[in-house]
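# Topology and contacts: notes
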Amino acid sequence: MNIKALHFDMKAVIPKLDHALEMIDIFAAQGFNTIILEFEDKFPFEATRGFHHPAAWSKDDFRSLAQHCKERNIEIVPLMQSIGHLDYLLKYPAFQHLRDGGAMGTTYQWCLALEASYELWQKMTDEILEIFPDTKIFHIGADECRMREPCQRCGENKLDFYIKRVARCVEYIQSKNMKAVIWDDVFRKYGIEQFKRLPSGVVCCVWLYREIDWQYLEKIAGMDIELWGASSLQANKNNYVMNPHEIKMDNVDDWGRIHPKYPRFTGHIATLWGRNQCLSPYNTNLTQAVLMTAYSGKTLTDGLIADRKEFINSYGRDFFGVDLDYFTMIRYFNYEPAIAGKVLAELCEKALYHRSIAEILQAFNKMDELLDYMDMCFSNNQASLASYRNGGSPPELTGNWADGVRIAAERCEKLYNDLTPVITRYFYKNQWDELWEQHFAARLEQNQYWGKVIEEAKQKWQHNLQQAAGQTSENLQK
Ligand SMILES: [Zn+2]
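Now for a look at the structure at hand. Counting restarts for each chain: residues are numbered from 1 in the order of the written sequence. Under the rules for a predicted model, residues below a pLDDT of 70 receive no local features and side-chain atom pairs below 80 are neither given nor counted, while totals for whole chains, interfaces and linings still include all residues. Only hydrogens and water are set aside when side-chain values are computed; all heavy atoms of the structure are taken into account.

### Points about the overall build of the protein chain
So the rule is basically this: Each helix corresponds to a stretch of at least 4 residues labelled H or I by DSSP, and each strand to a stretch of at least 2 residues labelled E; elements are numbered beginning at the N terminus. Relative accessible area decides the class of each residue, using a 1.4 Å probe on protein chains only: under 20% of the type maximum gives buried, over 50% gives exposed, and in between gives partly exposed. Contacts are assigned to residue pairs that have any heavy atoms within 4.5 Å of one another. Note that accessible areas follow from Shrake-Rupley with a 1.4 Å probe, and for residues the cover is restricted to the protein chains shown. A positive count includes Lys and Arg, and a negative count includes Asp and Glu. His and the chain ends are not counted in either. Charge positions are represented by NZ for Lys, CZ for Arg, CG for Asp and CD for Glu.
The helix and strand inventory of the protein chain stands at 15 helices and eight strands. The dimensions of the protein chain, computed from C-alpha atoms along their principal axes, are 100 × 60 × 45 Å. Split into buried and exposed, the 478 residues of the protein chain put 56% on the buried side. Intrachain contacts of the protein chain at a sequence separation of at least 6 include 74% that bridge at least 24 residues. When the accessible area of the protein chain is evaluated, it comes to approximately 20,600 Å², of which 49% is carbon and sulfur surface. If the 54 positive side-chain charges of the protein chain are averaged to one point and the 64 negative ones to another, these points end up 2 Å apart.

### A closer look at the coordination of the zinc ion
Using the following cut-off: Metal coordination here is assigned from N, O and S atoms located within 2.8 Å of the ion, or within 3.2 Å for Na, K and Ca; omission of water means that sites may look incomplete. Square planar and octahedral assignments, for four and six donors respectively, both demand that opposite donors be over 155 degrees apart and that all other angles lie between 65 and 115; tetrahedral needs four donors with all angles between 85 and 135 degrees, and anything else is irregular.
Protein-derived ligands of the zinc ion are Asp100 (OD), Cys111 (SG), Cys151 (SG) and Cys154 (SG), with the metal-ligand distances lying across 2.0 to 2.3 Å. In this structure, the zinc ion is coordinated by four donor atoms arranged in tetrahedral fashion, with angles at the metal of 94 to 124°. Among the residues examined, cysteine 154 registers a relative accessible area of 5% and is labelled buried.

### Quick look at helix H12 (residues 337-350)
Counted only if it meets this: Take the number of residues in a helix, subtract one, and multiply by 1.5 Å to get its expected span.
End to end, H12 covers 20 Å across 14 residues, agreeing with the expected 20 Å (1.5 Å per residue, within 8%). Among the residues making up H12, those that are buried are Pro337, Ala340, Gly341, Val343, Leu344, Leu347 and Cys348. Buried residues belonging to H12 abut helix H10 (308-320), helix H11 (326-332) and helix H13 (355-389).

### Focus on the environment of lysine 123
Looking at the secondary structure, you find lysine 123 in helix H4 (residues 115-131). With 126 residues separating them in the primary sequence, lysine 123 and methionine 249 have C-alpha atoms 39 Å apart.

### Section: the pattern of salt bridges
Stated precisely, the cut-off is as follows: The working definition used for a salt bridge is a side-chain nitrogen of Lys or Arg within 4 Å of a carboxyl oxygen of Asp or Glu.
Applying the stated criterion across every chain yields a total of 34 salt bridges. In this structure, aspartate 60 engages arginine 63 in a salt bridge whose closest nitrogen and oxygen atoms are separated by 2.9 Å. Placement of both aspartate 60 and arginine 63 in helix H2 (residues 59-71) is noted, with a separation of three residues, approximately one turn of the helix. In this structure arginine 63 comes out as partly exposed when scored by relative accessible area, which is 38%. Across the pair aspartate 160 and lysine 164 runs a salt bridge whose closest N-O atoms are separated by 3.2 Å. Here the residue aspartate 160 and the residue lysine 164 both occupy positions in helix H5 (residues 158-175), the gap between them amounting to four residues, near one helical turn. On the basis of relative accessibility, which here comes to 54%, the residue lysine 164 falls in the exposed class. A single network of salt bridges, built from pairs that share partners, joins Glu246, Asp250, Asp253, Arg308 and Arg331.

### Quick word on the packing of H13 against helix H15 (residues 429-477)
In plain terms, the rule: Structural elements are reduced to axes, namely lines fitted to C-alpha atoms, with helices fitted over the stretch in contact, and the angle between N-to-C directions of any two is expressed from 0 to 180 degrees. Throughout this description, any angle smaller than 35 degrees is read as roughly parallel, any larger than 145 degrees as roughly antiparallel, any in the 65 to 115 degree range as roughly perpendicular, and the remainder as oblique. Left-handed describes a crossing whose near helix is turned anticlockwise from the far helix through less than a right angle; right-handed describes the clockwise counterpart. The nonpolar class holds Ala, Val, Leu, Ile, Met, Phe, Trp, Tyr, Cys and Pro. Asp, Glu, Lys and Arg form the charged class, and all remaining residues, Gly among them, are polar.
Remark: H13 packs on H15, axes separated minimally by 10 Å, with the N-to-C direction vectors making an angle of 30°. Judged on the interaxial angle alone, H15 and H13 are roughly parallel. The two elements H13 and H15 cross, and the hand of that crossing is left-handed. Looking at the contact of H13 with H15 residue by residue, the classes come out as 18 nonpolar, five polar and four charged.

### Examining the packing of H13 against helix H14 (residues 395-426)
Look at H13 against H14: their axes get within 10 Å of each other, and the N-to-C directions meet at 160°. When the interaxial angle is binned, H13 and H14 end up roughly antiparallel. Pair H13 / H14 crosses with left-handed handedness. In the contact of H13 with H14, the residues fall into 19 nonpolar, five polar and five charged.

### Examining the nonpolar core
Filter applied, for reference: We define a nonpolar core as any set of buried Ala, Val, Leu, Ile, Met, Phe, Trp, Tyr and Cys residues linked to one another through side-chain atoms lying within 4.5 Å. Domain ranges listed in this record stem from an automatic or a database domain assignment.
Ranked by internal contacts, the top residues of the largest apolar core, which has 155 residues, are Leu37, Trp57, Trp121, Tyr162, Phe320 and Met367. Element by element, the count of residues in this core is highest for H13, at 14 residues. Split by domain, the residues of this core number at least three in each of domain 1 (3-306) and domain 2 (354-466). Among residues more than four places away in sequence, those in contact with tryptophan 121 are Met80, Gln81, Ser82, Trp110, Phe138, Ile140, Cys169, Tyr172 and Ile173.

Written out as structure tokens, the structure is:
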């Protein structure tokens, strides 16, 4: 495999430069030789000045990243979306004239009938290339094009507009002596023969993250095009902070079986989606996926891993310098964070190397421990609602869950204060606050709601008790 790429999706909670460089060293040691750098609103584009995320990196930060990668023989493949996934720009009224479907249309993709949308893409691409002048391969995205968006300008036949636009972007990239890469899914959906309408030499990146469609693989591997594969290293469950790991190891394993079967694949991208869309909640980030990237890097280098438990435990031992049950830890990320937390507590105490990574994992997992506690309280309250309302919950029950409400509120306040100095050492404060609010703002409101319901349940119980006492004394008097 020539290209062993890891996806650095800047939609995510992004590391500060120093921490990013630390992570690059780790990924290089794990076997990756390429970084797919997806900028979104974290690049200070002149063409869209004033519309960057406050955590955007400076041009000098990107230059430092480029230099650091170069010294470690890591190639950077910039990714600039050419069709959709553009909410980060189109959500602003200043760009509504570019939306597919007009000003009231979608913020997801721009209209491909507009020359201005191509011009902006080209300007942004040029700005990226100015910072990364050594670029040999450039990814133009082009996945998940929405074909049914009603639009007076490009009308019904969007596939035609899509092919022409992709071809034009590919030609532009190729005119600069670079290789162009695109995602495969539009062709998977609308017929891979459409691919022949693109300029030759374009690399088609096949992403299959769940079920493997072997029939499709057989078909596309039979075509005379260069292919890359793509796995996904993150899943999202319950919107917790840590992601379930084992289910994604299954996907890495699947690709460990695909690659030896189809030598036409010359590269692979291990994707790590920081969030599904730039307007959706955060999903994962480079640091929290460090054991998944190890698993993926090893598979890309040496092929399918025979014993994942053995691999993770021995990787953890080498990486942190302590012999612990890392596999149990990752198994319980997201599912039962308190169990993962026990291993992490020991790790943070004993780690000889990469203690900062252990500390970050522990911080995120602590958020999950609290989310798990609150969700446990909430689900008990939900199941008890009818009983609360008819006054059927005795004081020992309502007292218990009233304690839950109080404890949850206290723990939230304490955890935010405890974690802020840890997290902000490696990540930006504004993104840390976003991450915190996405997980806790709604839960804190819900917590208050349950506090009120439980208080009423206590009164209802007392009221029922008094009524019953009244009836008993009436009966006795009779
Ligand atoms: Zn249109």
